[in-house]
Amino acid sequence: MSRRLPPLNALRAFEAAARLLSFTKAADELHVTQAAVSHQIKGLEEWLGVPLFRRVNRGLVLTDAGQTYLPPLREALDLMASATERVIRRDATGTLTISTMPSFAAKWLVLRLGRFQATHPELDVRLHTTSQMVDFNQQDVDVAIRFGSGDWPDLRVERLLNEDIFPVCCPSLLPTLATPADLKKHTLLHDDYIVTWGDWLALAKVDGMDATRGLHFTDSSHTIQAAMEGHGVALARQVLAADDLAAGRLARPFDVALTGLYAYYFVAPTHYFQRPKVKVFREWLFAEVEDYAARMGLPERA
């Protein structure tokens, strides 16, 4: 429905002047000149076709029309101010929805989110896990953490972490893995999301081995879990394996590593980066990543 309304600045000038019964005090409150207030009110009176003020003994009083107009106008402006404050507060509090891959959530982010929640209790974190890139236009998501080449059009993309790729196993298997050739005696665990065992075996100069045999997983965290359970040797992504390596749940039998072709990225539409809750999460996340990468010896971000 079309609404016939006068200019908002004129309404604000009238409400302030009527409440304070002074053009000068209204100008001070609105941070404009007295002449600007006078001009706005004159324009409003012309728009309405009735006078709103009259001068009495060098002071201001409201006309009957002004007295009628002021209460509902003040209520309307209060409602607008309250609605605006709720919208602003909603972006600083409420729910922060983070979309990321199940493997990164399980092996990295969930282990650290408690620290973020402790420092930002005003935010309720909702973790949305999927292997697909989120559609910010269709889904209620604030930020995404993605693994890939960083080529996501129409989005602001910031690199979080690089990583290497290398074999890992449960510590009890270490004595049986003196050289890469000893892998021939073990089951290979495959993460189908990354490069194949064939690439690593070629780099390690291991010949005469079927690089496709073994167990295959579509979720990287399942590959690592199988390695921890002693079901074979996994070709693992460093970021996902680093905490288990540091805790002694996994071991790295060889120093040979492939340089990862992809990286982790912080992703959202450009204007989302101005949201207060996105700002505080981004600041926390990058500080957490910087500390983590330094402790784990991960490759620096390019």
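Now for a description of the structure that goes with this document.

Parameters and conventions
- Residues numbered from 1 in each chain as written.
- Predicted model: local features only at pLDDT ≥ 70, side-chain atom pairs only at ≥ 80, totals over all residues.
- Heavy atoms only, no water.
- Helix = DSSP H or I, 4+ residues; strand = E, 2+ residues; numbered from the N terminus.
- Rg over C-alpha atoms; globule rule 2.2 N^0.38 Å.
- Buried < 20%, exposed > 50% of the residue type's maximum accessible area, 1.4 Å probe, protein only.
- Pairing = 2+ DSSP bridges.
- Contact = heavy atoms within 4.5 Å.
- Axes fitted to C-alpha atoms, helices over the stretch in contact; angles between N-to-C directions.
- Expected span 1.5 Å × (residues − 1).
- Salt bridge = Lys/Arg side-chain N within 4 Å of Asp/Glu carboxyl O.
- Phe/Tyr/Trp six-rings, centres within 6.5 Å; stacked < 30°, edge-to-face > 60°.
- Lys NZ or Arg CZ within 6 Å of the ring centre and 35° of its normal.

**Here's the deal with the overall build of the protein chain**
Inference 1: Tallying secondary structure elements over the protein chain gives nine helices and twelve strands in all.
Inference 2: The C-alpha radius of gyration of the protein chain comes to 31 Å, more than 25% above the 19 Å expected for a compact globule of 302 residues.
Inference 3: With the C-alpha coordinates of the protein chain rotated into their principal frame, the extents come out at 105 × 35 × 30 Å.
Inference 4: In the protein chain, buried positions account for 44% of the 302 residues.

**Here's the deal with the sheet that holds strand E9 (residues 215–217)**
Inference 1: Read across the sheet, five strands follow the order E9-E8-E10-E7-E11 without closing on themselves; strand pairing throughout is mixed. Of all the strands in the sheet, the pair left with one neighbour each is E9 and strand E11 (258–259).
Inference 2: Across three bridges, the pairing between strand E8 (residues 188–191) and E9 is parallel. Across the sheet, residue His-190 finds its bridge partner in E9, namely His-216.
Inference 3: Packed onto the sheet, helix H7 (residues 220–228) meets strand E7 (164–168), E8, E9 and strand E10 (233–237) and runs at close to 165 degrees relative to E8.
Inference 4: Contacts from helix H8 (residues 238–246) reach E7 and E10 within the one sheet, and its direction differs from that of E10 by about 115 degrees.

**Points about the sheet that holds strand E5 (residues 143–148)**
Within a sheet, neighbouring strands are paired by backbone hydrogen bonds and run either parallel or antiparallel to one another.
Inference 1: Spatially, the five strands line up as an open sheet ordered E4-E3-E5-E12-E6, and their pairing is mixed. The open sheet has two edge strands with one neighbour each: strand E4 (123–129) and strand E6 (156–161). Within the sheet, the average angular offset between the axes of one strand and its neighbour, ignoring direction, is 25 degrees.
Inference 2: Where E6 and strand E12 (residues 263–268) come together, five bridges link them in antiparallel fashion.

**Digging into the side chain of Glu-288**
Inference 1: Along the chain, the position of Glu-288 falls in helix H9 (residues 276–296).
Inference 2: Residues contacting Glu-288, with those up to four places away along its chain left out, are Trp-108, Arg-112 and Arg-115.

**Some details on H9**
Inference 1: Here H9 contains 21 residues, and its C-alpha end-to-end distance of 30 Å stays within 8% of the 30 Å for a straight helix at 1.5 Å per residue.
Inference 2: Of all the positions in H9, only Lys-277, Val-278, Phe-281, Trp-284, Leu-285, Phe-286, Glu-288, Val-289, Tyr-292 and Ala-293 are classed as buried.
Inference 3: Positive backbone phi, at 70 degrees, marks Gly-297, one or two positions downstream of H9.

**Side note on the pattern of salt bridges**
Side-chain pairing between opposite charges can occur once the charged atoms of the two side chains come close.
Inference 1: In the structure shown here, the tally under the stated rule is 15 salt bridges.
Inference 2: Taking the shortest distance from any N to any O, the salt bridge between Lys-277 and Asp-142 comes out at 3.7 Å. Here Lys-277 is found in helix H9, whereas its partner Asp-142 is found in the loop between E4 and E5, with 135 residues between them in sequence. With respect to class, Lys-277 is no different from Asp-142; both count as buried.
Inference 3: With its nearest N and O atoms 2.7 Å apart, the salt bridge here joins Arg-249 to Asp-244.
Inference 4: Owing to a relative accessible area of 42%, Arg-249 belongs among the partly exposed residues under this scheme.
Inference 5: Given the relative accessible area of 4%, Asp-244 is considered buried.
Inference 6: The network of salt bridges with shared partners includes Glu-15, Arg-19, Glu-29 and Arg-74.

**Some words on unusual backbone geometry**
Inference 1: Backbone geometry at Leu-21 places phi at a positive 50 degrees, although glycine is not the residue there.
Inference 2: Inspection of the secondary structure assignment puts Leu-21 in the loop between helix H1 (8–20) and helix H2 (23–30).
Inference 3: The phi dihedral of Asp-154 falls on the positive side, at around 65 degrees, and the residue is not glycine.
Inference 4: Residue placement: Asp-154 occurs in the loop between E5 and E6.
Inference 5: Note on Asp-154: relative accessible area 79%, which makes it exposed.

**Side note on the pairing of strand E2 (residues 59–62)**
Inference 1: Where burial is concerned, the two faces of E2 differ: the one with Leu-60 and Leu-62 is buried and the one with Gly-59 and Val-61 is not.
Inference 2: Examined bridge by bridge, strand E1 (residues 53–56) and E2 share four bridges and lie antiparallel to one another. In the sheet register, Arg-55 faces E2, and the bridge partner there is Leu-60.
Inference 3: The hairpin turn running from E1 into E2, its antiparallel successor, is two residues long, and Asn-57 in that turn takes a positive phi close to 50 degrees.

**Some remarks on the packing of aromatic side chains**
Inference 1: Within the structure shown, the criterion is met by 18 aromatic pairs.
Inference 2: Each ring, one from Phe-147 and one from Tyr-264, has its centre 4.7 Å from the other, and the planes form 45 degrees; the classification is tilted. With Phe-147 in strand E5 and Tyr-264 in strand E12, the pair connects residues that are 117 residues apart, well separated along the chain. Across this residue pair, the class does not change: Phe-147 and Tyr-264 are buried.
Inference 3: Aromatic side chains Phe-266 and Phe-281 sit 6.2 Å apart centroid to centroid with 35 degrees between the ring planes, which places their arrangement in the tilted category. Of this pair, Phe-266 sits in strand E12 while Phe-281 sits in helix H9, placing them 15 residues apart in sequence. The burial state of Phe-266 is the same as that of Phe-281; both residues are buried.
Inference 4: Cluster of aromatic residues (ring-pair linked, three or more members): Phe-104, Trp-108, Phe-147, Tyr-262, Tyr-264 and Tyr-292.
Inference 5: The residue whose ring lies beneath Arg-237 is Phe-147, and the NZ or CZ to ring-centre distance is 3.9 Å.

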